[in-house]
Structure formats: structure tokens, C-alpha cells
Amino acid sequence: MTVASILGHKSGAQIFSCGPDDTVSSVTKQLTDHRIGAILVIDDSGVLIGIISERDIVRLIAKRGEKALTSSVSAAMTDNVVTCLPSDTVTMLMGLMTENRVRHIPVVVDKEIEGVVSIGDVVKARIAAAEREAAEMMQYISSGV
Ligand code: AMP
């Protein structure tokens, strides 16, 4: 199973992003409205320059208190973004998530953002694959081959 197949099942899914000068408060609204855990930070030309997740916001609130909400995204984001390719396997993706302790990985090809895969997408894909295999096995057994 590849990253491309996961993205295929998410086709039409929007890529949510913000700019480095947006406020943390506006990001909390996007995260809530879209029921997601992280947003990509892009520059004026659409190039990925960071990622900001719920954890970054919690950390900034612990550090700055209520001032965190009026802080700019650049104060909270992670700028060394771990990305993957559509051709990467889901096993590779799980390895990246575990090694880097992240739950969101943008899919980037030649600086073009093709999507984001979350740990939830990976779990969903693994469950669907296990169910498919079980159904195939049942069909094979009941066909009496
Ligand atoms: P998450 O587990 O995805 O909510 O993120 C936990 C921490 O890792 C936060 O500091 C994020 O900014 C950071 N993070 C999340 N995804 C990535 C990624 N793909 N590359 C680098 N850092 C990330």
C-alpha cells in the first residue's frame, strides 16, 4: 500500500494552510472548523515552510500564556518539515511518524504540495486492508477450493 493510494481515498480533500504572519488564534479557528490537528505553513509562492499542530499551540500557551493567541504562526511552527512522496509505502510512512514523533506528513513532489497524510488516515487504511484480506480469506474458504 502506498501514500498515493491513501491520497486517492481522500480525493477532493482540501489542503489547509496558513501564512507565517497569521495569528495563532486564526489557526485555532481553522483547526476547530475543519476538525484537523495540523495546518501547513506556506510562503507567498505556495512553498511549504513549516507545520503548526495543536501541540505547538499548547506549548506556546504554556510559555506565553494568553499572549500566545496573538503571536504569529512563525513563533510556534516547526520549520524542519518531514515530508514524503506518493510512491512511499505506508510502512515507510509509519516509520517516519514513529521516528520523528509526528502525526502529520505532507506529501510533496518538486516543492508541490499534493496532500497531507495523518496518523488517522494510516490507521483507517490499515483497518480497511485487514478487512479486505479477511473477506477474501472467507470467500476462499467458503468456495471450497
Ligand atoms: P503532531 O504529532 O503532528 O501533532 O505534531 C507534533 C510536533 O511535531 C509539533 O511540534 C509539530 O509542529 C511537529 N510536526 C508535525 N508534523 C510534522 C512534520 N511532518 N514534520 C516536522 N514536524 C512536524
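Residues numbered from 1 in each chain as written. Predicted model: local features only at pLDDT ≥ 70, side-chain atom pairs only at ≥ 80, totals over all residues. Heavy atoms only, no water.

**As for the site of the ligand**
The environment of the ligand is made up of 14 residues, and the closest members are Asp-56, Thr-78, Val-82, Arg-103 and His-104. For the ligand, an oxygen atom lies 3.5 Å from a polar atom in the backbone of Ile-51. Taking Asp-56, its side chain carries an N or O atom lying 2.5 Å from an oxygen atom of the ligand. Within the complex, the protein chains bury 94% of what would otherwise be the 470 Å² of accessible surface of the ligand. With respect to the detected pockets, the ligand is housed in the second largest pocket. (Near = heavy atom within 4 Å. Polar contact = N/O pair within 3.5 Å; in protein donor to acceptor, adjacent residues only side chain to side chain. Areas by Shrake-Rupley, 256 points an atom, 1.4 Å probe, with all protein chains shown as cover. 1 Å grid on protein atoms, 1.4 Å probe; cavity = no way out; pocket = protein on both sides within 12 Å on 5 of 7 lines; lining within 4 Å. Sits in = over half its atoms within 2 Å of the grid points.)

**So, the pairing of strand 2 (residues 38-42)**
Among the 5 residues of strand 2, 4 are classified as buried, and the element is accordingly described as predominantly covered. Bridge count for strand 1 (residues 17-18) against strand 2 is 2 bridges, and the pairing is parallel. Following the sheet pairing, Cys-18 is matched in strand 2 by Val-41. For the crossover that starts at strand 1, traverses helix 2 (residues 24-34) and ends in the parallel strand 2, the hand is right-handed. As paired elements, strand 2 and strand 3 (residues 48-53) share 5 bridges and run antiparallel to each other. Following the sheet pairing, Ala-38 is matched in strand 3 by Ser-53. The hairpin formed by strand 2 and strand 3 contains 5 residues between the paired strands, and Gly-46 there has a positive phi angle of roughly 85°. (Buried < 20%, exposed > 50% of the residue type's maximum accessible area, 1.4 Å probe, protein only. Helix = DSSP H or I, 4+ residues; strand = E, 2+ residues; numbered from the N terminus. Pairing = 2+ DSSP bridges. Right-handed = clockwise from strand over helix to strand, strands pointing away.)

**A word on the state of the cysteines**
Counted under the stated rule, the structure contains 0 disulfides. Cys-18 carries a free sulfur, and the closest cysteine sulfur to it, the one in Cys-84, is 19 Å from it. Note on Cys-18: relative accessible area 5%, which makes it buried. Here Cys-84 falls in the buried class, since its relative accessible area comes to 3%. (Disulfide = S-S within 2.5 Å.)

**Description of the pattern of salt bridges**
Applying the stated criterion across every chain yields a total of 4 salt bridges. A salt bridge links Asp-33 to Lys-29; the nearest nitrogen and oxygen atoms lie 2.8 Å apart. With Asp-33 and Lys-29 both in helix 2, this residue pair falls 4 residues apart, about one helical turn. Its salt-bridge partner being Arg-59, residue Asp-56 comes within 3.2 Å of it at the nearest N-O pair. A residue pair is termed a helical-turn pair when its members lie 3 or 4 positions apart in one helix, as Asp-56 and Arg-59 do in helix 3 (residues 54-64) at 3 residues. Taking relative accessible area as the criterion, Asp-56 reaches 7% and is therefore assigned buried. (Salt bridge = Lys/Arg side-chain N within 4 Å of Asp/Glu carboxyl O.)

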